[in-house]
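Close look at the chain arrangement
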Amino acid sequence: MRKLLKTTCIASVCLFLLQISVDAQSLKVAIAANLQPVIKVLQKDFKQKTGITVAAISGPSGNLATQIQNGAPFDVFLSADTRFPDNLYKSGYALKAPVVYAGGVLIICSTKKFTYNNWPKLLTSNNIEKIAIGNPAIAPYGKAAEEALKKAGIYDKVKPKIVLGESITQVNTYISTGVVQIGFTTLAFTKEVKNKFQLTYALVDPNTYPPIKQGMVLLKHAEHNTAAEKFYQYILSAPAKKIFKAYGYHVQ
């Protein structure tokens, strides 16, 4: 009987240690919606290098930040800006101050064969009935689009045509399905769909909107998670930067 109890105890301890090891080798990452095309490549490369599986949950940066404040068990947050991660850090939800891991590029695009040499004139014409942008309150690319429209002096004219997407993913759906004739999104979208359907697009002059600096923070939930620290460092590494660059992001 004593031998059986001893064996059971040893087995329980082994199981407990195994669970600790498994927990330490897994992590949950909150990612801005614009990262959906690139995150799968990053997950695969990171797992090949470390054996660690990354569970990624995407959404508008503002919504993800709110979820983190409400106790969502994320280890790392990759935002589409630096404002939301900076607020989390200042409020005590992050272990480190935000770092910029990539710079975003705003484009105007459509499934139709438009020319964009004078896109402000195009947007105010009768050819365009609906324009998709992300919700500026929670989607940084939406905020950038709003600023570009204001800089072009046409925001008030086209406001009735604007269809807000709760995330850049929803904006991309509106564009690709023809719900809108045109929209503002990220350059990464063109990389995602290049073998699926044809897009016409143009880069929006970066001088017409604030730089889209995408920030990352290591969250309090990751305090004892070595896997999270490894992923954090990986995102700032040369191999990750190469992947980001291939998907249309600026990296340093």
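These numbers were taken from a predicted model, which means no experiment stands behind them.

**Remarks on the packing of aromatic side chains**
Following the criterion strictly, the structure yields 7 aromatic pairs and no others. Ring geometry for Phe231 and Tyr234: centres 6.3 Å apart, planes at 35 degrees, overall tilted. In this pair, Phe231 and Tyr234 both sit in helix 10 (residues 226–235), 3 residues apart, roughly one turn of the helix. You can call Phe231 buried: its relative accessible area is 0%. Ring geometry for Phe244 and Tyr249: centres 5.8 Å apart, planes at 85 degrees, overall edge-to-face. Here the aromatic cluster, defined as three or more aromatic residues joined through ring pairs, consists of Phe46, Phe231 and Tyr234. For the cation-ring pair, Arg83 lies above Phe84, with the distance from its terminal atom to the ring centre recorded as 4.3 Å.

**Observations regarding empty space enclosed by the protein**
Taken as a whole, this structure holds 1 cavity of 30 Å³ or more when the rule is applied. In this structure, the largest cavity spans a volume of roughly 60 Å³. Around the largest cavity sit 13 residues that line it, and Ala33, Ser61, Ala80, Ala139 and Pro140 are the ones nearest its centre. For the lining of the largest cavity, the per-class residue count stands at 9 nonpolar, 4 polar and no charged.

**Quick look at the sheet that holds strand 4 (residues 99–104)**
If you walk across this open sheet you meet the 5 strands as 2-1-3-10-4, and the pairing is mixed. Strand pairing shows two members of the sheet lacking a second neighbour, strand 2 (53–59) and strand 4, which therefore form its edges. For this sheet, the mean angle separating the axes of adjacent strands, direction not counted, is 20 degrees. Of the pairings in the sheet, the one linking strand 4 to strand 10 (residues 212–218) comprises 5 bridges and is antiparallel in character. Residue pairing in the sheet places Gly103 in a bridge with Lys213 of strand 10. Sheet strands in contact with helix 2 (residues 36–50) are strand 1 (26–32) and strand 2, and its direction is about 170 degrees off that of strand 2.

**Thoughts on the environment of Thr169**
Tracing the backbone shows Thr169 in helix 8 (residues 168–177). Using a relative accessible area of 28% as the deciding quantity, one classes Thr169 as partly exposed. Taking the C-alpha atoms as reference, Thr169 lies 20 Å from Arg83; in sequence the two are 86 residues apart. In contact with Thr169, other than residues within four places in its own chain, are Ala33 and Gln36.

**A few points about helix 8**
Every buried residue belonging to helix 8 is among Ile168, Val171, Asn172, Tyr174 and Ile175, and all of these are buried. Down the axis, helix 8 shows its buried residues gathered within 160 degrees of arc, on one side only. Elements in contact with the buried residues of helix 8: strand 5 (106–110), strand 6 (131–134), helix 6 (140–151), strand 7 (162–165), strand 8 (182–186) and helix 9 (188–193). Downstream of helix 8 by one or two residues, Gly178 has phi in the positive range, about 80 degrees.

**Description of helix 11 (residues 238–246)**
Inspection of helix 11 places Ala240, Ile243 and Phe244 among the buried residues, and these make up the whole buried set. For helix 11, the angular spread of the buried residues around the axis is 100 degrees, confining them to a single face. Exposed side of helix 11, more than 90 degrees from the buried face: Ala238, Lys242 and Lys245 are the residues found there. Next to the buried residues of helix 11 lie helix 2, strand 4 and helix 10.

**Looking at the confidence of the model for the protein**
Residues at a pLDDT of 70 or more form 90% of the protein, whose mean pLDDT is 90. Throughout residues 1–24 the model reports pLDDT below 50, and contacts reaching past four residues in sequence, or to other chains, amount to 4 contacts.

**Some points on the side chain of Lys161**
Mapped onto the elements of the fold, Lys161 is located in the loop between helix 7 (155–158) and strand 7. Buried and without a salt bridge, Lys161 has Glu129 as its closest oppositely charged side chain, separated by 8.6 Å. Once you skip the residues sitting within four places of it in the chain, Lys161 turns out to touch Leu123, Thr124, Ser125, Ile128, Glu129, Lys130 and Ile131.

Rules used in this analysis
- Residues numbered from 1 in each chain as written.
- Predicted model: local features only at pLDDT ≥ 70, side-chain atom pairs only at ≥ 80, totals over all residues.
- Heavy atoms only, no water.
- Phe/Tyr/Trp six-rings, centres within 6.5 Å; stacked < 30°, edge-to-face > 60°.
- Helix = DSSP H or I, 4+ residues; strand = E, 2+ residues; numbered from the N terminus.
- Buried < 20%, exposed > 50% of the residue type's maximum accessible area, 1.4 Å probe, protein only.
- Lys NZ or Arg CZ within 6 Å of the ring centre and 35° of its normal.
- 1 Å grid on protein atoms, 1.4 Å probe; cavity = no way out; pocket = protein on both sides within 12 Å on 5 of 7 lines; lining within 4 Å.
- Points joined across faces, edges and corners; volume = space filled by probe spheres on them.
- Nonpolar A, V, L, I, M, F, W, Y, C, P; charged D, E, K, R; others polar.
- Pairing = 2+ DSSP bridges.
- Axes fitted to C-alpha atoms, helices over the stretch in contact; angles between N-to-C directions.
- Contact = heavy atoms within 4.5 Å.
- Arc of directions from axis to C-beta.
- pLDDT = per-residue confidence, 0-100.
- Lys, Arg positive; Asp, Glu negative; His and termini not counted.
- Salt bridge = Lys/Arg side-chain N within 4 Å of Asp/Glu carboxyl O.

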